[in-house]
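# Structural overview
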Amino acid sequence: MRLRPMLSLLVVVPLLAAGCVGKPAEQNTGQNADAKEFTLVIGANALAGGKNANTAKWTAEYVIPKFVEAQKAKGVNATVRFEGNGADDKDYKTKVALDAKTGGGADVLEIDGIWLGEFAQAGQAKPLADLVGQDKVDAWDGWSKIPEAVAALGDFDGRRYGVPVGTDGRVLYFNKKLFAQAGLPADWQPRSWEDVLQAGRKLTAVAGIVPIQLNAGTAMTEATTMQGVLPLLAGTGKPVYDNGKWQGATQNVKDVLGLYQKVYSGGLGDPLLQQEAKGRDKSFAQFADNKIGILLESDYFWRSVINPANGVARMTDRDTAVGWAKVPAQRAGSGVGGQDFVSMSGGSVRVVNPNTKYPRQAWELLQFMNSFDATRARVADTPQITVRSDVNDEVLKGDPMLTYVAKEVLPITRYRPGLAQYTQVSAALQQATADVVAGKSPDDAAAAYQQAVVKAVGEAGVAGN
Amino acid sequence: MRATDSAGLGRGRALAFVAPALVLIGIFLVFPALWSIYIGLTDYALTGPSSVNPRLVGTGNITGALSDPLFGNSLWLTLLFVFGSALIGQNVLGFTLAWSLRGARRGLRRLVEGLVLLAWILPSTVVAYLWVAVLDRDGGTLNALLNTPGTAWLVQYPMASLIVFNLWRGTAFSMLLYSSALNVVPPSQLETARMVGAGRFSTLKDVVFPHIRGHVLTNTLLISLWTANDFTPFLLTSGGPDHRSETLPVFIYQQALGSGALGYASAISLLLLLVNLVIALVYLRLLRRRG
């Protein structure tokens, strides 16, 4: 007799709950538009004295005081706070998603462009036009200064969700001091994968160093995909997503995994490092310590990692000791679009949190953060490729590396497909490299990868061999 | 229900007294449990389309888990972890410490107990940090001590490292429990055993064990459950490398918050709950057979 109320409770509660999972929120573009007093929070994966310290410093010392001042001039009392994070990208993503899910989070958020699809489909990011009104979005004069291809980083499904922070390009960094010891030239530019392996083999003559660091494994997460598999795939002539299909166990994927095998089973790379929880950070430290010969990284590595002024793994002689070269295609002319050299690009996007109480003010803040003055102030100390061409023209002059990326690499670069499925495919690619590093053959790893991709996106979305 | 109303409250007032507790249990225990069962029946995700419109997939998550090699892997690792570090490790080491410290000098006994307890009471994060430093590949203390430069213990021997870690971390509880349990063994019986020339093993088996059988079972039950649900391995290896130390709690976390598959992770939580129930039932049966 006691059982029956218990049972009915068991049935009723989940039924009630069923109505609550995943509710979409209402939106009002003019909400609190005329508030005389408001509070906004800026969120980013940046922390004073830690990760992306530049962004944190700029936000706290430039954006907040200047914006508050500008609002005061209009008779509005604004309070702006910075909510910094210093976590791995994956953890930061989880945090932002959980914040958004529970109705909270910073009002203006910096997220990786590649998460935009998932967030948009989940309603955790909304088109700017839905949040503040199309007229207000179009009214911003900054759009004219952002090249359309770069602005598209903030688009999903043909709608604009935010303003990109900047973009980047991938190159091969090499340590000129180690190269000199191995008898390699200081103006090294490989023209095929074989050239890179050749240089790696020569570097084995230098004791106590790792010739090539090619990111692999699941612990490095997206760094494996972006600084490893994708540029290599582009070098085989076919991007990961082509003609509406994801690449399965194609010859291209097998070739890429074959290169991983040559590096990690051939004594040219350090297989253990790829599996360590903090492997990428360690690779940074090792490169700065002259322990790595060749490293595939983005310009982020140059400006935020080995930067002698404020990097996380400072290299005092960076400007003289570090060389860079374009990433070669598998063979000359075998890259996407018949290119000899390839690159991949990404970048963060700043979006307005749909949960904000002050959407108009948040958009105003977002415009302010992307104004000419603010953008220039952000990259004044550490030049970086911004989205604004007017700022780039001015600040990149002094930095040969970034000028090189802007002039030589960006014209040949490719972007990741802005689809929500991408993250799962990316994870499967990371797993495939992990398998090869752990000793599986490229064919076996490719077969397992094919299975994982089919499971993630369905048979119809995968191109086999 | 007949009235055996010894407090003289009457049914209404008795209910009123327990109501607050029941409400709290309902809100914080029963509801979340039912809620997670419900989520386990959907494809609810952290991001993407199914975070807004989750579909009911019924037992799809459960069957998916049972055919997921990663789930099988983590179930096996969990059993290995429980068996190695709790069932055998903490039990035996805890008992050995308690047994050999019985006759030790008071000062020595306090010192050893203090050190073992310290491993138990330090916060997990602090302990994990210390162990990472000890086991680190470059400049780790263990490599310096053993003269094995370049051995990445947490990468090359992740599960063995975790088992030793948990042994070190959790032995205090078993030691304390057995220390007090050994007090119930009448000294006269031990004396008699010695008089008739019983060996150490037969003394333990025939004199000591029958007295502390209940304690052994209780202890084993508790440490098994704690170990099976322990999340500290995450702080040391995050389940890596390549899922080689991904015990069930870590697997659930990785699925839920790493991959965002909240529905799938909830379904696996239910499976973990079932595993726990089975363990508990087995022990309870053994315990009952004693009487």
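On to the interface of chain A and chain B, then. Listed per partner, the contact involves 31 residues of chain A and 28 residues of chain B. A combined buried area of about 2600 Å² lies between chain A and chain B, and 62% of that area is made up of carbon and sulfur atoms. One can count four salt bridges joining chain A with chain B. Notably, a salt bridge pairs Asp270 of chain A with Arg137 of chain B, separated by 2.9 Å at the nearest N-O pair. Our enumeration of links across chain A and chain B arrives at eight residue pairs in polar contact (both at pLDDT 80 or more). Mapped onto the side of chain A that touches chain B, the elements with two or more residues apiece are α1 (3-18), α3 (89-101), α4 (116-121), α12 (271-275) and α20 (422-437) of chain A. Top contributing element to the side of chain A that touches chain B by residue count: α1 of chain A, with six residues. Tallied by class, the residues present in the side of chain A that touches chain B amount to 16 nonpolar, seven polar and eight charged.

Once that is clear, we can look at the pattern of salt bridges. For the coordinates displayed, the defined rule picks out 32 salt bridges over all chains. A salt bridge links Arg416 of chain A to Glu222 of chain A, with the shortest nitrogen-to-oxygen separation between them at 2.8 Å. Placement of the pair is Arg416 of chain A in the loop between β15 (413-415) and α20 and Glu222 of chain A in helix α10 (residues 222-235), with a sequence separation of 194 residues. When sorted by exposure, Arg416 of chain A lands in the same class as Glu222 of chain A, which is buried. Among the ionic pairs, Lys282 of chain A bridges to Asp136 of chain B, the shortest N-O distance being 3.2 Å. In this pair, Lys282 of chain A sits in helix α13 (residues 279-288) while Asp136 of chain B sits in the loop between α5 (124-135) and α6 (141-146), so the two residues belong to two different chains. A single salt-bridge network, built from bridges that share partners, covers Asp270, Glu276 and Lys282 of chain A together with Asp136, Arg137 and Asp138 of chain B.

Next up on the list: a nonpolar patch on the surface. Residues and elements named next belong to chain B. On the surface, Leu108, Leu111, Leu115, Leu118, Trp120, Ile121 and Leu176 cluster together into a nonpolar patch covering about 660 Å² of accessible area. It is helix α4 (residues 106-121) that contributes the most residues to the nonpolar patch, six residues altogether. Here Leu176 is to be found in helix α8 (residues 158-182). Judged by relative accessible area, Leu176 falls into the partly exposed class, the value being 32%.

Residues and elements named next belong to chain A. When you line up the elements, Gln274 lands in helix α12. At a separation of 3.2 Å, a polar atom in the side chain of Gln274 contacts the main-chain carbonyl oxygen of Asp270. Those residues in contact with Gln274 that sit more than four places away from it in its chain are Gln213, Leu214, Asn215, Ala216, Gly217, Ala219, Met220, Tyr264 and Val437.

Right, let's get into the packing of aromatic side chains. Taken as a whole and assessed by the stated rule, the structure comprises 34 aromatic pairs over all chains. Aromatic pair Phe38 of chain A and Tyr358 of chain A: ring centres 5.8 Å apart, planes at 45°, arrangement tilted. Here Tyr358 of chain A lies in the loop between β14 (348-352) and α16 (359-369) and Phe38 of chain A lies in strand β1 (residues 37-44), a separation of 320 residues in the sequence. Given the relative accessible area of 2%, Phe38 of chain A is considered buried. Centre to centre, the rings of Trp120 of chain B and Phe173 of chain B are 5.9 Å apart; their planes meet at 50°, and the pair counts as tilted.

Reading guide: rules and limits
- Residues numbered from 1 in each chain as written.
- Chains lettered and ligands numbered in written order.
- Predicted model: local features only at pLDDT ≥ 70, side-chain atom pairs only at ≥ 80, totals over all residues.
- Heavy atoms only, no water.
- Contact = heavy atoms within 4.5 Å.
- Buried area = accessible area lost by both parts, 1.4 Å probe.
- Salt bridge = Lys/Arg side-chain N within 4 Å of Asp/Glu carboxyl O.
- Polar contact = N/O pair within 3.5 Å; in protein donor to acceptor, adjacent residues only side chain to side chain.
- Helix = DSSP H or I, 4+ residues; strand = E, 2+ residues; numbered from the N terminus.
- Nonpolar A, V, L, I, M, F, W, Y, C, P; charged D, E, K, R; others polar.
- Buried < 20%, exposed > 50% of the residue type's maximum accessible area, 1.4 Å probe, protein only.
- Patch = residues over 30% accessible without salt bridge, like charges linked within 9 Å, V, L, I, M, F, W, Y side chains within 5 Å.
- Areas by Shrake-Rupley, 256 points an atom, 1.4 Å probe, with all protein chains shown as cover.
- Phe/Tyr/Trp six-rings, centres within 6.5 Å; stacked < 30°, edge-to-face > 60°.

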